[in-house]
Amino acid sequence: MQKDAKIAIIGGGISGLSVAYKLTEDAGFDGQITIFEWSETLGGNADTAMVHLGHDFRTNKPFERLADLGVNDINLDSYPRTSAAMRQIGYLPKAGEEETWSEEQKNLRTLEDTVCFFTKDGREIWTKDGVPEEASEAPEGLENLGVVDMRFSLDNPTHKDLKAAETHFMDRAAIDFADGNEGAEYWEYTTLEYVEYFRSRNLMKSELLDEVVRLFLLPRIAAMYFADEWAGPGGMPFRGVMSYYRLQEGYGKPNPTPDRRYFKYGSQHWINALASYLETEKGVKIVRNFKAKVIGDGNGGVLVYSAAEAYDGMSNPERFDQVVMAGHADHQLESFAPGTDPLLTDEMATNLASIDYSTSISVAHTYSGVLPPNTGSWRTYNVMIRTDDRIGPVPYQMTYVQNRHRNDRMESAFNEFGLPVYFVSLNPEVHIPAKYILDVTNEDRARRIKERPGYSNELSADYDRAGKAIGYFRHTVMTEKLLQIQKKLEEFQGMAEGRVFFVGCWAIGAGLHEECFMQAERVKKAMSSSGTVL
């Protein structure tokens with residue numbers, strides 16, 4: 001099998017980078033890989049801003065902190081492929097080296113895994129505080145974990161029945177997903193259809209199940225980046241939703257307290273570390289600010305050229321043996337140029353065109369009006385319980401208390417009274433006055449003033465991005481249609497006589513980092529099966 005293939009990867013997000021990593025991990029690979037990225041910044045929805053929070057009263061120097069506006073944490077318990085890559089490139093310590101790493105070297109730190117569910121009027125507030133069962137019987141168990149108002153906490157013994165019901169439902173649903181297949185009665189159910197299936201098995205009191213669904217399940221799904229704005233959380237496919245919760249939050253797994261970590265230096269730091277490793281250690285070439293077009297060369301190869309230059313057959317495009325399309329589905333479709341040697345079938349073109357996306361905004365700010373008035377109820381993840389029945393799209397929403405997400409009480413530099421509290425809000429329902437939106441530092445300003453290509457600016461009417469910690473993102477919407485396309489994707493890998501392969505956050509599950517590495521393994525196998533590489 002050919003080990004010196006020349007491969008183009010169109011897209012420098014985690015999907016493209018993970019493919020490059022998997023293809024080059026074997027010692028025998030002697031090919032050439034080039035990644036073409038549309039923008040200046042790699043990483044897709046990994047977007048870290050350095051924000052200015054005034055002056056540090058302790059030093060009278062500028063007080064600056066990181067804010068991840070997109071990807072912001074991972075679960076090491078459920079991310080074996082991602083963890084292995086991080087250890088290989090030196091981002092995590094290898095086995096047996098943990099004790100030799102200084103605090104400054106530790107790129108991933110344990111986050112405070114707590115959640116607040118609240119209604120907009122603040123009349124209902126519930127919190128999940130991650131307290132072990134043996135600690136939840138005593139108030140000090142909560143206080144030791146930084147809980148300042150235990151009235152709302154599900155870990156308060158007063159609410160033990162509701163806590164047990166919520167945990168039981170989520171674990172049972174995750175296990176049903178893990179054990180299920182196409183033959184399972186519930187496999188193609190929507191979320192609310194699964195709820196009724198769960199109810200029919202008499203696994204808990206019906207009225208308690210209703211409370212779990214109203215207070216936790218539906219708000220939780222509505223706060224996820226893949227939420228369907230039109231179908232609503234209850235109309236989304238059960239298996240798509242639970243694949244996320246089992247992988248990212250560890251439901252239905254033996255370890256009840258997943259190892260969730262935040263990026264100490266920001267998720268962009270991790271992306272840059274992976275890219276640097278690929279460039280310096282594996283010889284991968286990364287071309288930024290290049291919107292690529294691909295076309296067959298009529299001789300078993302693929303030509304890649306800049307979309308800024310019309311291809312007339314006379315210019316000098318670069319020839320590759322194979323191409324991996326690694327961007328958003330609609331961007332991939334746009335990248336295929338028509339020609340006498342087509343690389344894309346009509347059926348696959350229809351698949352790419354039919355995948356739905358949502359556009360969202362992320363704002364780093366200090367406006368507490370997005371959260372309940374009682375500051376004692378604030379947690380790392382703050383999710384709104386919607387009480388109205390609106391007609392029309394309702395985008396997903398979430399507010400992170402950054403000081404909790406970054407576990408300030410465990411960091412001596414930040415565990416001090418008087419330091420500013422700051423937030424990141426995704427699609428905030430409460431308008432954030434401009435004066436509360438954080439400025440980015442001078443070093444970060446130039447990069448952020450320019451819009452990321454291919455991202456809608458339709459949300460910017462209310463928020464002027466220039467010099468501000470504001471990000472725009474596109475997310476695949478989790479629908480039954482998407483899951484059916486993902487299921488059939490293997491049939492299209494290696495189309496055009498083994499020349500074209502597809503990856504992307506649309507192509508597997510909810511597009512989590514671990515899923516992207518999993519997908520990269522599958523594409524590597526498919527390329528090997530095609531007889532042209534590895």
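Residues numbered from 1 in each chain as written. Predicted model: local features only at pLDDT ≥ 70, side-chain atom pairs only at ≥ 80, totals over all residues. Heavy atoms only, no water.

1. Description of the sheet that holds strand E3 (residues 48-56)
For step 1, the next point in the chain: Here three strands make up an open sheet; going across it, the order is E4-E3-E19 and the pairing antiparallel. Among the strands making up the open sheet, the edge pair consists of strand E4 (61-68) and strand E19 (439-440).
For step 2, the next point in the chain: Relative to E19, E3 runs antiparallel, the two being bridged by two bridges. Considered in E19, the bridge of Val51 is made with Val440. (Pairing = 2+ DSSP bridges. Helix = DSSP H or I, 4+ residues; strand = E, 2+ residues; numbered from the N terminus.)

2. Digging into the nonpolar core
For step 1, the next point in the chain: Counting residues in hydrophobic clusters, the biggest one holds 137 residues, and the most contacted among them are Phe169, Trp270, Val304, Phe502 and Trp506.
For step 2, the next point in the chain: Val304 has contacts with Ala8, Ile10, Phe36, Phe290, Ala292, Lys293, Val294, Pro317, Glu318 and Phe320, leaving out every residue within four places of it along the chain.
For step 3, the next point in the chain: Within the second largest apolar cluster, 17 residues are counted, among which are Ile125, Trp378, Met384 and Val401. (Core = buried A, V, L, I, M, F, W, Y, C linked by side-chain atoms within 4.5 Å. Buried < 20%, exposed > 50% of the residue type's maximum accessible area, 1.4 Å probe, protein only. Contact = heavy atoms within 4.5 Å.)

3. A word on the side chain of Lys264
For step 1, the next point in the chain: When you line up the elements, Lys264 lands in the loop between strand E9 (260-263) and helix H9 (267-282).
For step 2, the next point in the chain: On the basis of relative accessible area, Lys264 is assigned to the buried category, the value being 13%.
For step 3, the next point in the chain: Sequence-distant contacts of Lys264, that is, excluding residues within four places in its chain, are made with Leu66, Glu103, Glu104, Lys106, Asn107, Arg109 and Arg406.

4. Notes on the pairing of strand E12 (residues 302-306)
For step 1, the next point in the chain: The buried count for E12 comes to five of five residues, which makes it a mostly enclosed element.
For step 2, the next point in the chain: By the alternation rule, side chains of E12 split into Val302, Val304 and Ser306 and Leu303 and Tyr305, which are all buried.
For step 3, the next point in the chain: Note: strand E11 (residues 292-296) against E12, five bridges, orientation antiparallel. Its bridge partner lying in E12, Val294 is registered against Val304.
For step 4, the next point in the chain: Where E11 folds back onto E12 in an antiparallel hairpin, the turn is made up of five residues, including Gly298, whose phi is positive at roughly 80 degrees.
For step 5, the next point in the chain: Where E12 lies against strand E13 (residues 318-320), three bridges are found, and the strand directions are antiparallel. Across the sheet, Val302 pairs through a bridge with Phe320, a residue of E13.

5. Focus: the confidence of the model for the chain
For step 1, the next point in the chain: For the chain, per-residue confidence averages 87 on the pLDDT scale, and 88% of positions sit at 70 or higher.
For step 2, the next point in the chain: In the predicted structure, residues 132-144 sits below a pLDDT of 50 and forms 16 contacts with residues beyond four places in sequence or in another chain.
For step 3, the next point in the chain: Residue range residues 453-459 is modelled with pLDDT below 50. Its contacts to residues more than four positions away, or to other chains, number 19 contacts. (pLDDT = per-residue confidence, 0-100.)

6. Focus: unusual backbone geometry
For step 1, the next point in the chain: A positive phi angle is found at Asn60, which is not glycine, with a value near 60 degrees.
For step 2, the next point in the chain: Note that Asn60 resides in the loop between E3 and E4.
For step 3, the next point in the chain: By relative accessible area, which is 62% here, Asn60 ends up exposed.
For step 4, the next point in the chain: Residues other than glycine seldom take positive phi values, yet Asn407 does so here, at roughly 50 degrees.
For step 5, the next point in the chain: Within the secondary structure, Asn407 sits in the loop between helix H12 (402-405) and strand E18 (423-426).
For step 6, the next point in the chain: The class for Asn407 is buried, based on a relative accessible area of 7%.

7. Overview of the packing of helix H5 (residues 160-179) against helix H8 (residues 238-249)
For step 1, the next point in the chain: Relative to each other, H5 and H8 sit at 110 degrees, their axes nearing to 9 Å. In this view, H5 runs roughly perpendicular relative to H8, as classed from their interaxial angle. Residue-level inspection shows Met170, Ala173, Ala174, Asp176, Phe177 and Ala178 of H5 in contact with H8, the latter providing Phe238, Arg239, Met242, Ser243, Tyr245 and Arg246.
For step 2, the next point in the chain: Per-class residue counts for the contact of H5 with H8 are eight nonpolar, one polar and three charged. (Axes fitted to C-alpha atoms, helices over the stretch in contact; angles between N-to-C directions. Parallel < 35°, antiparallel > 145°, perpendicular 65-115°, else oblique. Nonpolar A, V, L, I, M, F, W, Y, C, P; charged D, E, K, R; others polar.)

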